[in-house]
Amino acid sequence: MKYKIDNLQYCNWTREVFEINRQAELDAVHVTIVYHEDYNEFLNEIKKWEKLFEKNSDLIFQGTNFKDIEKAKLEKKTAIFFGFQNCSPIEDDISLVEKVHKFGCRFMQLTYNNQSLLATGCYEKIDSGVTNFGREVIKEMNRVGIVIDMSHSAEKSTLDAIEISEKPIAITHANPSFWHAAKRNKSNELLKVLSDSGGILGFSLYPHHLKNNTDCTLDSFCEMIARTSDIMNIKNIGIGSDLCLNQPDEIVEWMRNGTWSKNKNYGEGSKNKPGFPKQPGWFEDARGFFNIEKGLRKVGFSEEETNGILGNNWYNFYRNI
């Protein structure tokens, strides 16, 4: 079976976006529902999604395991899997890990750029690794079935998480730093350890993570994937577009600043380019998956390998959550 999965989107969720995802033939999408929210704010986000599921039941439903990807394929719908870009909803209470899982959380980052109670973010100058609390949370995430996501984490913390976790971890949305030295992109050494441990990388389409940013070419992106497959097992790579669609610039300000800073933080943007960057023309929305498919075949991937990168590898990863 051929599955197509985008393992990270954060959009202004409207029926039009769900229709675009169906036009892209996406069987599953891992969506961000939390950045800096606490547990009660997370519950409010759940209520919003309950309404979205009700109003768009012909297009989407909530996914909780790999069988829902199979169901979505058969019903020509998109299974929506919830994820957190931060650990803020569990606050400092390990019992909340099980509670957020019951509401559908299946991915949780240990950090979002900054130091958290669990680990160090990629923007910190000193990476002290996974904390004592982080070790306990990883064990609990393994137990209940939430994937450890280290997309925004620093290198030592990521290596620690790989070592501590009894299950493979994910970097759902990032690229290798050999191609583009963004703060969040990952070293060859880390990617090899990730792959050897059974973990998976989702390649990001967010312009700040791309070589030449918005002007990145499809050929360059697909050649980067080919080079990464020399470092990682090809079965351990996929797409995690990090697509932020139809969002106003105040949303990216929320991502970068949350409630922790009175000073304006521009992340990997700048004072001159503070808002959302424009997507490359070949990936303006999820329908760009068709362009990536053509690009992957052009650089030499077989049909089976291309299908793996576009979704089957993620499907197999979901089987073991």
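Residues numbered from 1 in each chain as written. Predicted model: local features only at pLDDT ≥ 70, side-chain atom pairs only at ≥ 80, totals over all residues. Heavy atoms only, no water.

Some details on the packing of aromatic side chains
Applied cut-off: Whether two aromatic rings pair depends on their centres lying within 6.5 Å, for rings of Phe, Tyr and Trp, where Trp uses its six-membered ring; planes under 30 degrees apart make the pair stacked, over 60 edge-to-face, and the rest tilted. Strands are runs of DSSP state E lasting at least two residues, helices are runs of H or I lasting at least four, and both sets are numbered from the N terminus onward. Residue burial is assigned from relative accessible area. The probe radius is 1.4 Å, only protein chains are included, and a residue is buried under 20% of its type maximum, exposed over 50%, and partly exposed in between.
Inspection of every chain in the model, using the stated rule, returns 20 aromatic pairs. For the ring pair Tyr39 and Phe42, a centre distance of 6.1 Å and an interplane angle of 45° mean the geometry is tilted. Highlighted residues: Tyr39 and Phe42, both in helix α2 (residues 39-55), separated by 3 residues, approximately one helical turn. Judged by its relative accessible area of 0%, Phe42 falls in the buried class. On the numbers, 4.8 Å between centres and 85° between planes, the contact of Phe81 with Tyr318 is edge-to-face. Here the residue Phe81 occupies a position in strand β4 (residues 78-84), and Tyr318 occupies one in helix α11 (residues 303-318), the gap between them amounting to 237 residues.

Quick look at the pattern of salt bridges
So the rule is basically this: Salt bridges are defined by distance alone: a side-chain nitrogen of Lys or Arg within 4 Å of a carboxyl oxygen of Asp or Glu.
Under the defined criterion, the tally for this structure stands at 16 salt bridges. Between Glu136 and Lys139 there is a salt bridge, with its nearest N and O atoms 3.6 Å apart. Residue Glu136 and its partner Lys139 are located together in helix α5 (residues 132-144), separated by 3 residues, close to a single helical turn. Accessibility expressed as a relative area gives 39% for Glu136, which makes it partly exposed. The network of salt bridges with shared partners includes Arg15, Glu19 and Asp58.

So, the nonpolar core
As a rule of thumb, nonpolar side chains are buried together in soluble globular proteins. Stated precisely, the cut-off is as follows: Here, the term nonpolar core denotes a set of buried Ala, Val, Leu, Ile, Met, Phe, Trp, Tyr and Cys residues that are joined through side-chain atoms within 4.5 Å. A contact between two residues is defined here by any heavy atoms of the two lying within 4.5 Å.
Membership of the largest hydrophobic core comes to 74 residues, with the highest contact counts inside it found for Trp49, Met108, Phe221, Ile225, Ile239 and Ile292. It is α2 that provides the largest number of residues to this core, a total of 6 residues. Ignoring any residue separated from it by four or fewer positions in sequence, one finds Met108 in contact with Phe84, Asn86, Cys87, Ile90, Leu118, Val137, Met141, Ile146, Val147, Ile148 and Asp149. Counting residues in each nonpolar core, the second largest holds 17 residues, with Ala28, Ile69, Phe107 and Phe317 among its members.

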